[in-house]
Amino acid sequence: MKESWSAFDTFEPHFRPLVIIELAKDTKEETKEWLTQRIVDKKKKEGAQLLVKPLVKEDGGKIDGNQNLYLVGASHLRLLLGAETVGLVKECNDNSMRTFTYSSRNTFKDFAEDNHDFLTMAERQYIIKHELENLRAKDERMIPGYPQAKLYPGKSIMRRLMTSGILLQIFPLHDTEELKKLWYTWCGQVKISYQPLDEIRCYFGETIALYFGFLEYFTFALVPMALIGIPYYVFAWEDYDKYVMFASFNLLWSTVILEVWKRCCAIMTYRWGTLLMKRQFEEPRPGFHGVLGINPVTGKEEPVYSSIKRQIRIYLVSLPFVCLCLYFSLYVMMIYFELETWALDFHEENESYFSKLMLFLPSIIYAIVIEMMNRVYRYAAEFLTSWENHRLESSHQNHLILKVLVFNFLNCFASLFYIAFVLFDMKLLRQSLATLLITSQILNQFVEALLPYWLQKRHNKKVKKRVYSIKVDTDLSLFEQVNLEKEMGTYLGTFDDYLELFLQFGYVSLFSCVYPLAAVFAVLNNITEMYFDALKMCRVFKRPFSQPTANIGVWQLAFETMSVISVVTNCALIGLSPQVNALFPDSKTDLILIVVLAEHILLALKFVMAFVIPDKPRDIQIKLARLEFESLEALKQQQMKLAAESLKEETHGEKKMN
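For clarity, every value in this text was computed on a predicted model and none was experimentally measured.

1. So, the packing of aromatic side chains
At step 1: Tallying each qualifying case throughout the model produces 34 aromatic pairs.
At step 2: Ring geometry for F100 versus F118: centroids 5.6 Å apart, planes at 50°, classification tilted. One end of the pair, F100, is in the loop between β5 (97–99) and α3 (121–133); the other, F118, is in the loop between β5 and α3, and 18 residues separate them in sequence. The pair F100 / F118 is uniform in exposure class, with both members buried.
At step 3: Taking 5.1 Å as the distance between ring centres and 65° as the angle between the ring planes, the aromatic pair formed by Y211 and F212 counts as edge-to-face.
At step 4: Residue classification places F212 among the buried positions, given a relative accessible area of 1%.
At step 5: If you follow K90 out to its NZ or CZ, it ends over the ring of F118, 5.2 Å from the centre.

2. Considering the nonpolar core
At step 1: F204 and W555 are the most contacted members of the largest nonpolar core, which has 107 residues in total.
At step 2: With 14 residues, the top contributor of residues to this core is helix α7 (residues 206–235).
At step 3: Judged by nonpolar contacts, the second largest core, of 52 residues, contains L80, Y126, L275 and L627.

3. Considerations on the UniProt feature "transmembrane region" (unreviewed entry) in the protein
At step 1: The residues that UniProt annotates with the feature "transmembrane region" (unreviewed entry) are residues 217–237, 243–261, 314–337, 357–377, 400–421, 501–524 and 591–613.
At step 2: Along residues 357–377 one finds 90% helix and 0% strand; the C-alpha atoms at either end are 31 Å apart.
At step 3: Overall, residues 501–524 shows 71% helix and 0% strand. The separation of its end C-alpha atoms is 13 Å.

4. Focus: a nonpolar patch on the surface
At step 1: On the surface, I308, I312, Y315, L316, V317, L319, F383 and W387 cluster together into a nonpolar patch covering about 830 Å² of accessible area.
At step 2: Among the elements that line the nonpolar patch, the one with the most residues is helix α9 (residues 307–350), at 6 residues.
At step 3: The topology assignment puts I312 in helix α9.
At step 4: Overall, the relative accessible area of 43% leaves I312 in the partly exposed class.

5. Section: the pairing of strand β7 (residues 146–150)
At step 1: Relative to β7, strand β6 (residues 142–143) is paired through 2 bridges, and the arrangement is antiparallel. Among the inter-strand pairings, I143 is bridged to a residue of β7, identified as Y146.
At step 2: Here β6 folds back onto β7, and the loop between the two strands holds 2 residues, one of which, G145, carries a positive phi near 90°.

6. Observations concerning α3
At step 1: Between its first and last C-alpha atoms α3 spans 18 Å; for 13 residues at 1.5 Å apiece the expected length is 18 Å, and the two agree.
At step 2: Taken across its 13 residues, α3 has 12 buried, putting it largely inside the fold.
At step 3: Among the residues making up α3, those that are buried are M121, A122, E123, R124, Q125, Y126, I127, I128, K129, H130, E131 and L132.

7. Some points on the confidence of the model for the protein
Should the pLDDT be low somewhere, the predicted coordinates at that spot are not to be read in detail.
At step 1: Taken as a whole, the protein shows an average pLDDT of 82; of its residues, 87% reach a score of 70 or greater.
At step 2: Within the protein, no element has a lower average pLDDT than helix α13 (residues 426–468), which sits at 72, and none a higher one than strand β1 (residues 19–23), at 93.
At step 3: With pLDDT under 50 throughout, residues 58–62 is counted as low confidence; its partners more than four residues away or in other chains account for 10 contacts.
At step 4: The low-confidence segment residues 467–476, where pLDDT is below 50, has 17 contacts with residues more than four positions distant or belonging to other chains.

8. Notes on the packing of helix α5 (residues 176–186) against helix α6 (residues 197–204)
At step 1: Packing of α5 against α6 leaves a shortest axis separation of 10 Å and a crossing angle of 155°. With respect to their mutual orientation, α5 and α6 come out roughly antiparallel. Crossing handedness for the pair α5 and α6: left-handed. Side by side, α5 and α6 meet where E178, L179, L182 and W186 of the first sit next to E199, I200, Y203 and F204 of the second.

9. Looking at the pattern of salt bridges
It is possible for side chains of opposite charge to pair when their charged atoms get near one another.
At step 1: Within the structure shown, the criterion is met by 25 salt bridges.
At step 2: We note a salt bridge from R201 to E123, for which the minimum N-O separation is 3.1 Å. Taken together, the residues span a long stretch of sequence, with R201 in helix α6 and E123 in helix α3 at a distance of 78 residues.
At step 3: When its relative accessible area of 10% is taken as the criterion, R201 is described as buried.

Rules of the game
Residues numbered from 1 in each chain as written. Predicted model: local features only at pLDDT ≥ 70, side-chain atom pairs only at ≥ 80, totals over all residues. Heavy atoms only, no water. Phe/Tyr/Trp six-rings, centres within 6.5 Å; stacked < 30°, edge-to-face > 60°. Helix = DSSP H or I, 4+ residues; strand = E, 2+ residues; numbered from the N terminus. Buried < 20%, exposed > 50% of the residue type's maximum accessible area, 1.4 Å probe, protein only. Lys NZ or Arg CZ within 6 Å of the ring centre and 35° of its normal. Core = buried A, V, L, I, M, F, W, Y, C linked by side-chain atoms within 4.5 Å. UniProt positions renumbered as here; feature names shortened; annotations may be inferred. Patch = residues over 30% accessible without salt bridge, like charges linked within 9 Å, V, L, I, M, F, W, Y side chains within 5 Å. Areas by Shrake-Rupley, 256 points an atom, 1.4 Å probe, with all protein chains shown as cover. Salt bridge = Lys/Arg side-chain N within 4 Å of Asp/Glu carboxyl O. Pairing = 2+ DSSP bridges. Expected span 1.5 Å × (residues − 1). pLDDT = per-residue confidence, 0-100. Contact = heavy atoms within 4.5 Å. Axes fitted to C-alpha atoms, helices over the stretch in contact; angles between N-to-C directions. Parallel < 35°, antiparallel > 145°, perpendicular 65-115°, else oblique. Left-handed = near helix turned anticlockwise from the far one by under 90°.

Next comes the structure, spelled out in C-alpha cells:
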C-alpha cells in the first residue's frame, strides 16, 4: 500500500546535488522563481517536492556568468518514496526480486534508515529525472514572463521550457570518486577479464550496461568463428567444398548465439530488477505538437495530430526521399566499380608494387564515402522522423531505426551483393569485404572515441583556466566540475553503437564462406571497442541518465533478420562455386532446386532451434511464475477484504435501520 505524501516532510537544508538544470542566460527572474517554486512545492500542491538551489558563492552571492545553473537533489526519504513511484525492483532478504514499497522497506536486502547507498546514484538520478519530467502545469496558461510559451493543464513544464529555448539542458552529475574506481576496475588494468557489468549498471544504468554486456558476449561468441576461420584461410583458400561445412557452422552459430543471448539477457536483467518492472503508460514525446484536444484513453488535455496527415508525410515525402537516397547510394556504388576497373587496368599495364597497392585504393575510398554517406543520411533521417510528428517516443525510434537500417544495409552491402551475384568475382569479393570491414572499423574508432577525446581534453584545459581566473570562495571542486561537465558533449544513446555491431554481424555472417577472417578482425576490433567506448563514457561525454530496460529491444529483431538473410546469401554463394557447378554440368535447374532445398532445410533448422531454446532459463521462469501467483493471491485477498468490509457496513446499516 502506497504511503500518503502529505504524511512526510522531505525537506533538508543541506543536500547532495545530483542533477544540474541550466537555463538560458536571458531567462527572466520571475520565470526562475516560478520554476524553482514548482520544483520544491509539495506533492499535494502538484510540485515535485525536490530540493533546488543556485550555484552560489559562500557569502550567498551568485557567480557571474553562472546565475542560471541550478543544483537539484532530494532527501533520502523523498528518494525512497520516488523509488516506489517509478516501480524500482530490489532484492529482498529472501533473495527474491520484488517491486520496492516504502511500507515494506525493511524486508529488502541492505536496507537501513541511515544507509543512503541503498539506491544507486543512477537510480537516484533517474527518480529525479522522472519527477522533473512529470512536473505538470496546473491552472497556468503560459510560462511566467513568456506569454508566447503556452501551457495547459497537464502539460509537462520541462518539455515546454525546452521547446521554448528557456531550458538549455538537464544532466546528472558525475560522482568523481566512484568514476575513478569504475575506470580503474574497468580499464585501468591491462589484463584479459570480464567487464564489471554490475558496477557499470550501478553507475550508468541498465541500458548502457546491457550494451556493454552484449558487446562482450558478441565478442566471445565470435571467437569460435575466428578460430575455425584461420585454418580455413591458411590451408583451404580456394577449396570451396570445405567452405560448405564452414558456412553451415556459421548459419547454426548465428542462430545459437542470438538465442543464448536472450537467456543471458534475462539472467542479467532479473538480477538488476528490470525484467520485472512494469511498463508505464507512455506519455507524448517532447517534440510532439498539434492542436489541443482530449486524449480518448486518459481523458486528459494534450496535443492531437491527425494520423492521416502523418501517413501522408510518411508515404508521400519520407518514403520517396529514402528511395532517392537508396538510388544515389547505388549510383555511387557504380562509380566505385569504374574506379576498380581503372585500378585493375593500371596494374596490368605497370605490374609494380605501387600498382598492387593501387588495387586497394578504390575500396578504401569507397569505404570512407560509405561512412560519410551513412552519417549525413542519419541527420536527414532524424529530421524527417521528427517532421513526421510521431506521438510516442517508441514509435519515433522505430521509424528512425527502420530508415537508418534500410539505408545502411544497402549502402554497406550492395556492392558486395553486386560483386557476388552479378560479376561472379570471388577474388574481388574477398578484397572488397576485407577492405570495407577493416576501413570502417578504423574510421569508427577514430570518429567515435579518439577524436572526441582529444577535442574534449583541449576544451577542458580552456575551461579550467577560466574557472581558476574567477575568485570563488565556494567549493571550487563542485564549481569546476559543474562548469566542466556542462560543456561536455551529450551522449545520444546506444543507437550508433548497436548499429556498428549490426553491420559488423552482417560482414561476418553474410559472406562467411568467402572471407573466413572476417570474424578475426571483428574480435580484434571489439576488444579495442570495449576500451574506447569505456573511454567515451567516462572521459568524453556528460553522464547520461539511467534508463531501465529489460532487453536490447528492436535490435534483437534486426540481428535475427540479418541471420535469416545470411542463410540465403551463403547458400547462393555455395551454389555459384565452380566445384558445385561441376556436379551439375547438364542441368542448372537441378542445381537451383538443390540450393533452394538446402536453404529451406537450414531455415527450418534455424526456426526449430529458436523454438527449442527457451528465452529464459528454467529457474527464472519459475521465479517469475511464483511472483505472478503471489500477486494474484494478494489481489484476491485484497478483494475479499474489501468485500467483507462492504458486507459488514451493509449489515451494520441494516441493524441501525431495524
